[in-house]
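An overview of the molecular structure
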Amino acid sequence: MRHDGRKNDEMRKVSFVLDYLDYPEGSVLVSFGNTKVIVNATVEESVPPFLRNTGTGWVTAEYSMLPRATHTRNRRESSKGKLTGRTMEIQRLIGRALRSVIDLKKLGERSIVVDCDVIQADGGTRTASITGAFLALKLAVDKLVDSGELTENPITNHLAAISVGLNQYGEAITDLDYEEDSAAQVDCNVVMTEKLELIEIQGTGEEATFTRGELNQLLDYAEKSVTELIRLQKNALALRNVSKKQEEPVLKNHLLIATRNEGKAKEFVELFKSRGYEIKTLLDYPEIADIEETGKTFEENARLKAEGIAKELNCLVLADDSGLKVDALGGQPGVYSARFAGERKSDAANNAKLLHELTDVPMGDRTAQFHCTLVLAEPGKESLVVSGELPGMIGRIPRGNNGFGYDPLFIIPETDKTLAEMTSEEKNKISHRAKALQELDKKIDAWLGEKTV
Ligand SMILES: O=c1nc[nH]c2c1ncn2[C@H]1C[C@H](O)[C@@H](COP(=O)(O)OP(=O)(O)OP(=O)(O)O)O1
Ligand SMILES: [Mg+2]
């Protein structure tokens, strides 16, 4: 058991405050628990002598710790008149890490200087600095792209860093705080890209040794944390863009729908037209990380999507979880509709698999329902849940080019048309999604009027 109750592979609470200071081109306050670092990125229209007239840019970093970042006052290095070896090593590490994810040719002949100032140290200051430095660099580069000074984004990859180690009992742990760091047998800082490519491993036995097997376990822990850190970085960037793009908060007549499915997104825009809401979907915010649909029911998955995004963005969010229930298949594919033929989520492959599974099922037994559960969520409030279903039959050959998903196989017996043969207007009058929205209409005003806790 760790002294603060964390699991061995659990990080401290990590947060990023973007645009923390006003003057720098990129500014981030990054916290890993009690470790806090202010990271500022500055764009300078010059390069070191060895790069002059080469058209190539440069990225470099400086690191320092405020005197009272620690329990007792540390003398400023400026008053000592020289940088310590530790400081030099750390700032070189930060610079190398950043340069591995930026195309310096594309940056052009300019420099970005990233200053990392530790305001409070509780272990892991270099890895917090690197993780924050990437965001500050990204903000500064985005600014150059937005202003037209760069036509192409030179950032080639996301990056984050984490400390892992073996504690005094020889157990692997993630994100060591100062107390754990002081007692650790092995200390290992890992810098990795989003694709889990390694940029740097600084692993040391502190008067101890470690095995190849232990190193592998440490790297497994590092991979897990880097994945989570990059998700948090992306959410911080997305949140910034939401508040930047949206003059008004996402409330009242703005609604964010937590879907990335283009077919659904189109239908929602149509369906909400007459309702006086302006619709945004996750397609407008590619930076927001995907929420895993691990639920066993439509409601669980819709809640995961709506409540997850609402909490992250602190706004009103509607999510749809929908799918096809085929009676001859005992209700399958159900919540697995999108992934019926595999994680690739291909409509064509899903339809082919459905036809194959139903090869021997006669027309009269090919009954099915489209189901839609909608969850409307706002932080600090019990979500509103509604659903709708549309009965039909699964055809033997796909027909029609409209709609999406299983629409070409879903026949509405009364019209003998598939949903893909209907216009969007026709589909939107009868669909499971339309029915669920009618339920939502009945309840939404009362729900919006309920106080948040
Ligand atoms: O009107 C529909 N017409 C045809 N097919 C449909 C419909 N409504 C849902 N479906 C199918 C498509 C997909 O295979 C699955 C939804 O899965 P579901 O997880 O809710 O959506 P998704 O992953 O495509 O997008 P997202 O989660 O970002 O909303 O059901
Ligand atoms: Mg989905």
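Criteria and thresholds
Residues numbered from 1 in each chain as written. Chains lettered and ligands numbered in written order. Predicted model: local features only at pLDDT ≥ 70, side-chain atom pairs only at ≥ 80, totals over all residues. Heavy atoms only, no water. Helix = DSSP H or I, 4+ residues; strand = E, 2+ residues; numbered from the N terminus. Buried < 20%, exposed > 50% of the residue type's maximum accessible area, 1.4 Å probe, protein only. Contact = heavy atoms within 4.5 Å. Areas by Shrake-Rupley, 256 points an atom, 1.4 Å probe, with all protein chains shown as cover. Lys, Arg positive; Asp, Glu negative; His and termini not counted. Charge placed at Lys NZ, Arg CZ, Asp CG, Glu CD. pLDDT = per-residue confidence, 0-100. Core = buried A, V, L, I, M, F, W, Y, C linked by side-chain atoms within 4.5 Å. Near = heavy atom within 4 Å. Polar contact = N/O pair within 3.5 Å; in protein donor to acceptor, adjacent residues only side chain to side chain. Pairing = 2+ DSSP bridges. Axes fitted to C-alpha atoms, helices over the stretch in contact; angles between N-to-C directions. Domains from an automatic or database assignment. Expected span 1.5 Å × (residues − 1). Patch = residues over 30% accessible without salt bridge, like charges linked within 9 Å, V, L, I, M, F, W, Y side chains within 5 Å. Salt bridge = Lys/Arg side-chain N within 4 Å of Asp/Glu carboxyl O.

The name recorded for the chain in an unreviewed UniProt entry is Multifunctional fusion protein, from Vagococcus bubulae.

**Some words on the overall build of the chain**
Broken down by element type, the chain carries 11 helices and 16 strands. Expressed as lengths along the three principal axes of its C-alpha atoms, the size of the chain is roughly 85 × 50 × 50 Å. Counting only residues that meet the buried cut, the chain has 50% of its 453 residues in that class. In the chain, the proportion of contacts linking residues at least 24 apart, taken out of those at least 6 apart, comes to 66%. If you sum the accessible surface of the chain, you get close to 21900 Å²; carbon and sulfur atoms cover 50% of it. Of the charged side chains in the chain, 59 are positive and 72 negative; the average position of the first set lies 2 Å away from that of the second.

**A look at the confidence of the model for the chain**
Predicted confidence across the chain gives a mean pLDDT of 93, with 96% of residues reaching 70 or more. Confidence drops under pLDDT 50 across residues 246-252; counting only partners more than four residues distant or on other chains, this segment forms 14 contacts.

**Observations concerning the nonpolar core**
If you look at the biggest cluster of nonpolar residues, it comprises 63 residues, and the most contacted ones within it are Ile-94, Ile-112 and Val-114. Of all the elements, helix H4 (residues 125-146) adds the most residues to this core, at 11 residues. Not counting chain neighbours up to four residues away, the residues in contact with Ile-112 comprise Ala-41, Thr-42, Val-43, Trp-58, Val-59, Thr-60, Leu-107, Leu-137 and Val-141. If you look at the next biggest cluster of nonpolar residues, it comprises 20 residues, including Ile-279, Cys-372, Leu-376 and Trp-447.

**Details of the site of ligand 1**
In the vicinity of ligand 1 lie 21 residues, with Thr-259, Lys-264, Lys-305, Asp-407 and Arg-433 positioned nearest. One of the side-chain nitrogen or oxygen atoms of Asp-321 is found 3.1 Å away from an oxygen atom of ligand 1. Compared with its free state, where it exposes 610 Å², ligand 1 has 95% of that area covered by protein. Contributions of two or more residues to the shell around ligand 1 are made by strand S12 (317-326) and helix H11 (432-449).

**Topic: the sheet that holds strand S8 (residues 186-193)**
One open sheet accounts for 4 strands, arranged S7-S6-S8-S9; its pairing is antiparallel. Each having just a single partner strand, strand S7 (172-174) and strand S9 (198-205) make up the two edges of the open sheet. Neighbour-to-neighbour, the strand axes of the sheet open up by a mean angle of 20 degrees, direction not taken into account. Both strand S6 (residues 159-166) and S8 contribute to a ladder of 8 bridges, which runs antiparallel. Each residue of the ladder has a partner; that of Gly-165, found in S8, is Asp-187. The strands touched by H4 are S6, S8 and S9; relative to S6, the strand with the most contacts, the crossing angle is about 165 degrees.

**Some remarks on the sheet that holds strand S1 (residues 14-18)**
Spatial strand order, S1-S2-S3-S5-S4: 5 strands in an open sheet with mixed pairing. Since the sheet does not close on itself, it has two edges, and those belong to S1 and strand S4 (58-65), each with one partner. For this sheet, the mean angle separating the axes of adjacent strands, direction not counted, is 20 degrees. Across 7 bridges, the pairing between strand S2 (residues 26-32) and strand S3 (residues 35-44) is antiparallel. The residue of S3 that forms the bridge with Leu-29 is Ile-38.

**Description of the environment of Arg-110**
For Arg-110, the position within the fold is in the loop between helix H3 (104-107) and strand S5 (111-120). Separated by 107 residues in sequence, Arg-110 and Gln-217 place their C-alpha atoms 40 Å apart. With residues near it in sequence (within four places) discarded, Arg-110 still touches Val-43, Glu-44, Glu-45, Ser-46, Val-47, Gly-57, Trp-58, Leu-144, Glu-149 and Leu-150. Polar side-chain contacts of Arg-110 include one of 2.7 Å to the backbone oxygen of Leu-107.

**Considerations on the side chain of Asn-40**
Along the chain, the position of Asn-40 falls in strand S3. The exposure class assigned to Asn-40 is buried, which follows from its relative accessible area of 13%. Here the side chain of Asn-40 touches Ser-27 through a polar contact of 2.8 Å, side chain to side chain. Leave out the neighbours within four places in its chain, and Asn-40 touches Leu-21, Pro-24, Gly-26, Ser-27, Val-28, Val-113, Val-114 and Asp-115.

**Quick look at the domain arrangement of the chain**
When the parts come together, some accessible area is lost, and that loss is often what is quoted as the size of the interface. The domains assigned to the chain are domain 1 (14-245) and domain 2 (254-449). Using only C-alpha atoms to locate each centre, domain 1 and domain 2 end up separated by 41 Å.

**A few points about H4**
An ideal rise of 1.5 Å per residue puts 32 Å on 22 residues; H4 measures up with 31 Å between its terminal C-alpha atoms. The element H4 is extensively covered by neighbouring structure, given that 19 of its 22 residues are classed as buried. Immediately downstream of H4, the backbone of Gly-148 shows phi near 85 degrees, a positive value.

**A look at a positive patch on the surface**
A contiguous patch of positive charge, built from Arg-68, Arg-73, Arg-75, Arg-76, Lys-80 and Lys-82, is present on the exposed surface. Among the structural elements, Arg-76 can be located in the loop between S4 and helix H1 (77-80). Accessibility expressed as a relative area gives 43% for Arg-76, which makes it partly exposed.

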